[in-house]
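# Coordinate inspection notes
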Protein chains: 2
Amino acid sequence: MIAALFATLAAAAAAPLPQAAPAALPSDPVEADWRAIPDDELLVMTLAGGRRVLIRLAPGYAPEHVANVRRLALARWWDAASVYRVQENWVAQWGDATEKKPLPPGIAARPAAEFDLSAFRPAIRLRVSDAYSRTSGITADGWAIASGRPGTAEATGAGWMAHCYGTVGVARDASPDTGTGAELFMPIGGSARRLDRNYTIVGRVIEGAPLLSGLPRSDAPMGMYATEGERLPIISVRLASDMPAASRPKYQYRAADNVRFAAMVALRENPKPPMIGLGGVDVCDVPLATRPAP
Amino acid sequence: MIAALFATLAAAAAAPLPQAAPAALPSDPVEADWRAIPDDELLVMTLAGGRRVLIRLAPGYAPEHVANVRRLALARWWDAASVYRVQENWVAQWGDATEKKPLPPGIAARPAAEFDLSAFRPAIRLRVSDAYSRTSGITADGWAIASGRPGTAEATGAGWMAHCYGTVGVARDASPDTGTGAELFMPIGGSARRLDRNYTIVGRVIEGAPLLSGLPRSDAPMGMYATEGERLPIISVRLASDMPAASRPKYQYRAADNVRFAAMVALRENPKPPMIGLGGVDVCDVPLATRPAP
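Residues numbered from 1 in each chain as written. Chains lettered and ligands numbered in written order. Predicted model: local features only at pLDDT ≥ 70, side-chain atom pairs only at ≥ 80, totals over all residues. Heavy atoms only, no water.

### Here we look at the overall build of chain A
Secondary structure assignment for chain A yields three helices and 15 strands. For 294 residues, the compact-globule estimate of 2.2 N^0.38 gives 19 Å, and the C-alpha radius of gyration of chain A, at 20 Å, lies within 12% of that figure. For chain A, the residues scored as buried account for 55% of the 294 residues in total. As displayed, chain A offers around 11800 Å² of accessible surface, 57% of which is attributable to carbon and sulfur atoms. Taken together, the 31 basic and 29 acidic charged side chains of chain A have centroids lying 3 Å from each other. (Helix = DSSP H or I, 4+ residues; strand = E, 2+ residues; numbered from the N terminus. Rg over C-alpha atoms; globule rule 2.2 N^0.38 Å. Buried < 20%, exposed > 50% of the residue type's maximum accessible area, 1.4 Å probe, protein only. Areas by Shrake-Rupley, 256 points an atom, 1.4 Å probe, with all protein chains shown as cover. Lys, Arg positive; Asp, Glu negative; His and termini not counted. Charge placed at Lys NZ, Arg CZ, Asp CG, Glu CD.)

Right, dumping it as structure tokens:
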């Protein structure tokens, strides 16, 4: 079976045998590990064609910018916006391509940058450094964070959120306080960690990331779509809390502050033979599971 | 300008003014830095629709497997093959979906694994570790390599090639010598570095990576396309040396064994203000430039 070609990487992906439930692995979540994502922390972006991108917001980590994003969504500001930039192995970006649409009232026009966190509190701390931080880990509520100058014992303030594939960052002009949250981007390929501490993260895509990372790339400078016809229209962006109750997507995240998540991370750091591991996993390669609420 | 939203990341991307050539930066290549990719080190994969993926082969690093790849290409083995697997934030994989096509004569059926290198000789060594290796760097001829157990002073043999976005790896069954090179894969998203030392790398995609990373993902197990209709047909795969001379693509790579490449890496490790950097860049985030030969 071609499937066997990656047998050593299949992890727990095999379908259970119909005649007996498989024994739970120490790294499997239990029901109590799944926590609700509140309706006002879930952004539902519907793209032309009707397919949806779901974004989990991080109000505990970037409160000012998430407050702006919520106001923009409640004001339906992104209706008739577009995905206007897709740069190979870098980012997809969306918002108002005309740069002319006035911001709704109540938006903080120049929110102070939220590039860094006030506290670095991972529930699970990874064993090794990476090229962009001395230490990193996963918060109890399932976010990838990092801290410290790599290769040194030097602190750098508390910490920051890591710009992993699928995170949603705030595009801005040169000045750190010029990102309102109206223009957002998502890394679509390899490492975007050199954006750490330079751009605010307001959340991460939990469903539909391929709808962005699979878009045609533009060869124009910075991957901007050169023509209006290339842009992918956004039909609407809504907070789930602003949708009729019966139609709201209900999602959960997997909490990290438990031995099962720790065991999952440990398996990534030290995979079972015959896989060869060297004791480390990158914070961006730790799965941050979410699921539709049962 | 929306373009200004990423002004701090534009590096040297601005178009030159028509009235004066811009001064060369210390990190810019000079003509002598560009080296030819030999015709027998360039694989030209034409996909349904006529668009091409160009793969630079690494015979100096995985000689047995590259020898097999060359034999397969010369035997036109991948004509009527397909891209049959695209797994979100992981890999695209291609080859013979039927698993029935006999290998041509002269193929090493069970080549010894070439997961590791016999020597670790970067021309440019990066300043900090990453989560998967104690040290890493770029070879003179432009390949990303790594060595050493992260977080320790422990050696791990010589070194290995890093599984970065765009690299081309050899899919295999569980036994290390079961990858002939007939089934190949490319990481399409975030880090695939946990494949280091587990899968042979035969090259990297230098043109057309989005043709693979932009494909629809399959939700079936391991991202395998469940139906024949989903597979993307491959029209042909040819070594450039096996094409009529007038039609061969001619490409060059940027050599790394010079002060200009070192300066480019140094800028990535310590970007100019207002960008904030912490002294490190990941080996997979070092641009490995190639260009059509002028």
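### Structural notes on the pattern of salt bridges
Oppositely charged side chains can pair when the atoms bearing their charge come close. Taken as a whole and judged by the stated rule, the model has 32 salt bridges over all chains. Across the pair D242(A) and R76(A) runs a salt bridge, and its minimum N-O distance is 2.5 Å. One end of the pair, D242(A), is in the loop between β13 (232-239) and β14 (251-254); the other, R76(A), is in the loop between α1 (63-74) and β4 (82-86), with 166 residues separating them in the sequence. Judged by its relative accessible area of 27%, D242(A) is partly exposed. Note that D116(B) is salt-bridged to R197(B), the shortest N-O span being 3.0 Å. In this pair, D116(B) sits in the loop between β5 (91-95) and β6 (124-125) while R197(B) sits in the loop between β11 (184-187) and β12 (201-207), placing the two residues 81 residues apart along the sequence. The exposure class assigned to D116(B) is partly exposed, which follows from its relative accessible area of 34%. By sharing partners, the salt bridges in this structure join D39(A), R248(A) and K250(A) into a single network. (Salt bridge = Lys/Arg side-chain N within 4 Å of Asp/Glu carboxyl O.)

### As for unusual backbone geometry
For residues that are not glycine, phi is negative in most cases, and the peptide bond is trans in most cases. In this structure, the amide linkage connecting P273(A) to the following residue, P274(A), adopts the cis form with an omega of 10°. Backbone geometry places R76(A), a non-glycine residue, at a positive phi of 55°.

### Here we look at the UniProt feature "domain: PPIase cyclophilin-type" (unreviewed entry) in chain A
The feature "domain: PPIase cyclophilin-type" (unreviewed entry), as annotated in UniProt, sits at residues 52-241 of chain A in this numbering. Here residues 52-241 of chain A runs as 9% helix and 27% strand, with 16 Å between its end C-alpha atoms. (UniProt positions renumbered as here; feature names shortened; annotations may be inferred.)

### What about the sheet that holds β14(A)?
All names here are of chain A. Strand order in the open sheet formed by three strands is β1-β14-β15, and the pairing between neighbours is antiparallel. Of all strands in the sheet, those with a lone pairing partner are β1 (34-36) and β15 (290-292), marking the two edges. For this sheet, the mean angle separating the axes of adjacent strands, direction not counted, is 35°. (Pairing = 2+ DSSP bridges. Axes fitted to C-alpha atoms, helices over the stretch in contact; angles between N-to-C directions.)

### Some remarks on the sheet that holds β12(B)
Consider a sheet: its strands pair through backbone hydrogen bonds, and that pairing is either parallel or antiparallel. All names here are of chain B. On the basis of which strands lie adjacent, the closed barrel formed by eight strands has the order β2-β3-β12-β10-β11-β5-β4-β13 and antiparallel pairing. Each strand of the sheet is rotated relative to its neighbour by a mean of 35°, with strand direction disregarded. Sheet topology places strand β4 (residues 82-86) next to strand β13 (residues 232-239); two bridges connect them, and they run antiparallel. Paired with S82 across the bridge in β13 is P233. Lying on the sheet, helix α1 (residues 63-74) is in contact with β2 (42-47), β3 (52-57), β10 (167-170), β12 and β13; it crosses β13 at an angle near 110°. (Contact = heavy atoms within 4.5 Å.)

### Points about the pairing of β2(B)
All names here are of chain B. Of all the six residues making up β2, six are buried; the element is thus mostly covered by neighbouring parts of the structure. Of the two faces of β2, the one holding L42, V44 and T46 and the one holding L43, M45 and L47 are both buried throughout. Hairpin geometry of β2 and β3 is characterised by an intervening segment of four residues between the two adjacent antiparallel strands and by a positive phi of about 100° at G49. One ladder, built from five bridges, connects β2 with β13; its direction is antiparallel. Residue pairing across strands places L43 opposite L239, the latter belonging to β13.

### A few points about the interface of chain A and chain B
The parts lose accessible area when they come together, and the size of an interface is often stated as this lost area. Every contact between the two is made by 64 residues of chain A and, on the other side, 64 residues of chain B. Here chain A meets chain B over a buried area of about 5300 Å², counting both sides, of which 59% is carbon and sulfur. The tally of links from chain A across to chain B stands at two salt bridges. Our enumeration of links across chain A and chain B arrives at 17 residue pairs in polar contact (both at pLDDT 80 or more). Residue contributions to the side of chain A that touches chain B peak at three residues, all from helix α2 (residues 209-213) of chain A. (Buried area = accessible area lost by both parts, 1.4 Å probe. Polar contact = N/O pair within 3.5 Å; in protein donor to acceptor, adjacent residues only side chain to side chain.)

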